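Read off the chains here:
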Amino acid sequence: HGGPKIKNVVRKHPTAIGLATLRRDGFVSLTAGNEPGTLSTKPFNLPEGDLHLNVKGAKGQIVSTLCDADGKPLDQPGSNIHHGGGANLRIRWPHPIPPDLRGKPVRLQIELTNAELYSYWWE
């Protein structure tokens with residue numbers, strides 16, 4: 001670029017066009033190392049569908065737990081995912097979520113060890 005008010009710049013390398021790609025929702029993550037880190041959401045009405053995570057953690061562990069609106073874990077045991085991850089990881093709970101819990105206020109608690117959480121959603 002140059003012009004009457006801007007000095008002409010001489011470049012060492014020729015210009016080129018490049019393409020950068022990012023994983024889905026891959027701009028920012030919550031990252032936990034060897035020490036576990038926990039994320040607790042605000043209360044929300046539990047939607048229909050399954051929980052999906054965008055998580056990176058080939059050697060990590062992710063534990064997801066449904067809690068009541070006050071943050072107390074429900075009788076539903078957590079879902080452990082060891083040595084896994086992906087941009088669309090569907091969480092499989094050990095037991096089905098009771099139908100009467102749908103539409104009620106809950107919190108989601110996610111504990112990470114050696115993993116990065118980019119996003120979560122219900123689908």
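Our structure is the block above this text.
Residues numbered from 1 in each chain as written. Predicted model: local features only at pLDDT ≥ 70, side-chain atom pairs only at ≥ 80, totals over all residues. Heavy atoms only, no water.

## Concerning the nonpolar core
In this structure, Leu-53, Leu-66, Trp-93 and Leu-112 are the most contacted members of the largest nonpolar core, which totals 19 residues. Only strand S4 (51-56), strand S5 (61-68), strand S8 (105-113) and strand S9 (115-122) provide two or more residues apiece to this core. The element contributing the most residues to this core is S8, with four residues. (Core = buried A, V, L, I, M, F, W, Y, C linked by side-chain atoms within 4.5 Å. Buried < 20%, exposed > 50% of the residue type's maximum accessible area, 1.4 Å probe, protein only. Helix = DSSP H or I, 4+ residues; strand = E, 2+ residues; numbered from the N terminus.)

## Things to note about the packing of aromatic side chains
A full pass over the atoms with the stated rule returns one aromatic pair. Consider the rings of Phe-44 and Trp-122, whose centres lie 6.3 Å apart with planes at 50°: the pair is tilted. Highlighted residues: Phe-44 in strand S3 (residues 44-45) and Trp-122 in strand S9, separated in sequence by 78 residues. For Trp-122, a relative accessible area of 16% puts it in the buried group. (Phe/Tyr/Trp six-rings, centres within 6.5 Å; stacked < 30°, edge-to-face > 60°.)

## Structural notes on the sheet that holds strand S7 (residues 86-90)
In sheet architecture, strand pairing relies on hydrogen bonds along the backbone and comes in two forms, parallel and antiparallel. The four strands lie next to each other as S1-S9-S4-S7, forming an open sheet whose pairing is antiparallel. If you trace the sheet from one side to the other, it starts and ends with strand S1 (30-32) and S7, each paired once. For this sheet, the mean inter-axis angle between neighbouring strands, taken without regard to orientation, is 35°. By the bridge criterion, three bridges tie S1 to S9 in an arrangement that is antiparallel. Along S9, the bridge assignment pairs Ala-32 with Ala-115. (Pairing = 2+ DSSP bridges. Axes fitted to C-alpha atoms, helices over the stretch in contact; angles between N-to-C directions.)

## Observations concerning unusual backbone geometry
Here the phi dihedral of Asn-114 falls at roughly 50°; this positive angle occurs in a residue that is not glycine. Mapped onto the fold, Asn-114 is located in the loop between S8 and S9. Of the residues examined, Asn-114 reaches a relative accessible area of 33% and is grouped as partly exposed.

## Quick word on the pairing of S4
Summarising burial for S4: five of the six residues are buried, a large majority. Of the pairings in the sheet, the one linking S4 to S9 comprises six bridges and is antiparallel in character. For Lys-56, the partnering residue across the bridge sits in S9 and is Glu-116. For S4 and S7, the ladder comprises three bridges, and the chain directions are antiparallel. The residue bridging Val-55 from the neighbouring strand is Gly-86, located in S7.

## Re the environment of Leu-108
Here Leu-108 lies in strand S8. Taking C-alpha positions, Leu-108 is 13 Å from Asp-50, a pair spaced 58 residues apart along the chain. Ignoring sequence-local partners within four residues, the contact set of Leu-108 consists of Leu-39, Ser-40, Thr-41, Phe-44, Leu-51, Thr-65, Leu-66, Trp-93 and Tyr-120. (Contact = heavy atoms within 4.5 Å.)

## A closer look at the environment of Leu-112
Note that Leu-112 resides in strand S8. In this structure, the C-alpha to C-alpha distance between Leu-112 and Arg-90, residues 22 residues apart in sequence, is 16 Å. If near-sequence neighbours (up to four positions away) are discounted, Leu-112 is found in contact with Leu-30, Ala-32, Glu-35, Pro-36, Gly-37, Val-55, Gln-61, Ile-62 and Leu-117.

The analysis is restricted to geometry; functional conclusions fall outside its scope.
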